[in-house]
Amino acid sequence: MRVDEKLALDAFKPDEEPHIKPRLEVCRTCRDRVCLRVCPGGLWTVVEGTDEVRVECSGCLECGSCVTCCPNGGIDWAQPRGGCGVRFRLG
Amino acid sequence: MADGEHFDVVVVGGGLAGLSCAWEAAKAGRAVAVFERGEEPGAKNVSGGRLYLGPLRGLLPDEWNDAPLERPVARETLTLVSGGGAVSFDLRSDKLRDPAAASHTVLRAKLDRWLGEKAAEAGAMVVPGARVDGLLRTNGTVTGVRLGDETIEAALVVLADGAVSRVALDDQAPPPPSPAHVALGVKELVTLDPGRLEDRFGLEPGQGAARLALGDFTRGVPGGGFLYTNRDSVSVGVVLRLDGLAAAGPQGPESHALLDAFRAVPEVARLLAGGETTEYSAHLVPERSVDQLPPRSAPGLLVAGDAAGLVINHGFTVRGMDLALASGVLAGRAAAGDPAAAPAAYEAALAKSFVLRDLRAARRSQAFLARDRLYGHYPRVVTELFEELFRFGPDGKGRVARPAWKALRKGVLNWRGLRDLWAARKL
Ligand SMILES: Cc1cc2nc3c(=O)[nH]c(=O)nc-3n(C[C@H](O)[C@H](O)[C@H](O)COP(=O)(O)OP(=O)(O)OC[C@H]3O[C@@H](n4cnc5c(N)ncnc54)[C@H](O)[C@@H]3O)c2cc1C
Ligand code: SF4
Ligand code: SF4
């Protein structure tokens, strides 16, 4: 099963504002891009043909791995507002 | 809620630590509010997981007999995986069933919801869907919390907001934890009907199994895999050190691919065949030694559970839930007394309890578990040894002990191997 198919099994209530924002100017020059491999949702991508890094916030599991591992302070990271985000039914 | 509302105790986070604290303080007659950012308690929470109730004897109220536990663990298996082979050490023992020492598998959404109801029945106000954004301070003492523009005052605040605490003393978000101090858990819940589950795991009706695995499926990243049986599902996942994942470089594995790699180990695949994945989750686990823990109190403030880094990774099992419950109860008891004396009372109670005792005793676990030979080298040595031992090829067998000696000499009885053994003796 692909990771996006796994995410589709979870219940999410997206926040209106994205709760995670990469700082584009920092990410542009980042070589390692550790966020791409640590994210358990596979939510981080590089826009094809550019050096722009993107994150698909609406499938975020709120683990905090991306912000913990980014060595460059390249992420504005908050928890979604109260009542928003992922809702585990079993946990 | 009107601005300027006042409580005796405000708890940030409705997980095990926060809710057990609120229950205890409410039973003592305090006016308690719990703010939980999830839609209900447990909505954001993940464990492996199994809960050890043994250490909590005497701390938890009798109502715990009705807690929604999944299965008592009656079988423990440790598996080393390498190159398609797997060697398992398997324990079944009546001692595992001793009610005083038994562990139970749990599902957090169910358990935390139950605990939230208990805290509410005792009189605590449990407010879901409410994210705390900061602490209020007056002259260096914490005096309440802030939710957006609303302020709520409290004689005492208990911070129980988990492994990725975002609530700061000032208005700056606190820095994220260092990748060396946390591991990432990635987990799937796979449904299996109880009969099939018991057959597959070799269990008597109602009993449960816990399986831990180390080996090449993490592709050199320090960590391992786990399987826990629930009533009608299996929790399957991997726990990976974040510094290890980060150090693997741009060509290194993706965290979610390592869960797939664990599920693809033939041993694991067989256990889960035909089961259907119903939920996918991830969460950080604090992994610090007792000397690296963040503060547990400040004037007007107590910190409990993961927020205080109270987790022990013994290598073959992770314990955070019993420590979260114990620290929550002790925080609740301290909060029942004079708020000014609560920080000192809480610290003293923790120091005397199993929480800090066990954390101190496990002081060297973290450094030991960072040895990457545990995850590739030793699983390979042991698997190859057993493969040789049980192989009878066209040339016959020769002396049975020879391959064993060869493997041990090559793999373990050398300078690095002996050093690892020497370090293990202090665990
Ligand atoms: C994969 C995995 C496997 C594990 N396996 C085991 C195991 O087998 N056995 C074991 O004992 N332990 C295990 N643990 C550890 C255990 O799950 C934790 O130690 C335990 O959940 C800690 O409880 P807590 O109450 O401190 O934190 P949490 O359960 O994380 O609760 C914190 C709560 O605070 C809320 N919150 C956070 N910020 C805010 C805010 N700003 N405002 C309002 N609410 C907020 C969260 O939504 C959450 O409900 C495992 C952990 C993981 C991730
Ligand atoms: S978020 Fe951090 S790790 Fe990812 S590309 Fe940006 S700077 Fe690099
Ligand atoms: S918090 Fe976790 S799931 Fe969300 S984007 Fe970051 S790494 Fe991915």
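Along every chain, residues carry numbers that run from 1 in the direction the sequence is written. For this description, chains carry letters from A and ligands carry numbers from 1, given in the order in which they are written. Two thresholds apply to this predicted model, a pLDDT of at least 70 for residue-level local features and 80 or more for giving and counting side-chain atom pairs, whereas whole-chain, interface and lining totals are computed over all residues. To get the side-chain values, take all heavy atoms of the structure and skip hydrogens and water.

A. Examining the confidence of the model for chain B more closely. A residue's pLDDT is simply how confident the predictor is in it, with values from 0 to 100. With 98% of its residues at a pLDDT of 70 or more, chain B shows a mean pLDDT of 92. Quick note on the complex model: pTM equals 0.95, ipTM equals 0.97.

B. View of helix H4 (residues 194-201) of chain B. Residues and elements named next belong to chain B. Each residue is placed in one exposure class: buried if its accessible area under a 1.4 Å probe, protein chains only, is under 20% of its type's maximum, exposed if it is over 50%, and partly exposed if it falls in between. Each helix is a run of DSSP H or I of at least 4 residues and each strand a run of E of at least 2, with the numbering of both proceeding from the N terminus. Taken together, the buried positions of H4 are Leu197, Glu198 and Phe201. Seen end-on, H4 carries its buried residues on one side only, within an arc spanning 95 degrees. Any pair of residues with heavy atoms lying within 4.5 Å of one another is described as a contacting pair. Its buried side turned inward, H4 meets strand S4 (73-82), strand S12 (208-215), strand S13 (223-229), strand S14 (233-241) and helix H7 (266-272). Once H4 finishes, glycine 202 follows within two positions and takes phi at roughly 65 degrees, a positive value. In this description, one arc is meant: the one made by directions from the helix axis to the C-beta atoms.

C. Up close: the side chain of threonine 79 of chain B. All names here are of chain B. Relative to the elements of secondary structure, threonine 79 occurs in strand S4. On the basis of relative accessible area, threonine 79 is assigned to the buried category, the value being 4%. Sequence-distant contacts of threonine 79, that is, excluding residues within four places in its chain, are made with Ala86, Val87, Ser88, Arg211, Leu212, Ala213 and Leu214.

D. How the structure looks around the packing of helix H1 (residues 16-27) of chain B against helix H8 (residues 321-335) of chain B. Residue and element names in this part refer to chain B. Angles run from 0 to 180 degrees between N-to-C directions of axes, and those axes are lines fitted to C-alpha atoms, restricted for helices to the stretch in contact. Contact geometry for H1 and H8: axes closest at 7 Å, N-to-C directions at 30 degrees. Read as a crossing pair, H1 and H8 show a hand that is right-handed. Together, Leu16, Ala17, Ser20, Cys21, Glu24 and Ala25 of H1 and Met321, Ala324, Leu325, Gly328, Val329, Ala331, Gly332, Arg333 and Ala335 of H8 make up the contact between the two elements. In this scheme the crossing of two helices becomes right-handed for a clockwise turn of the near helix relative to the far one and left-handed for an anticlockwise turn of less than a right angle.

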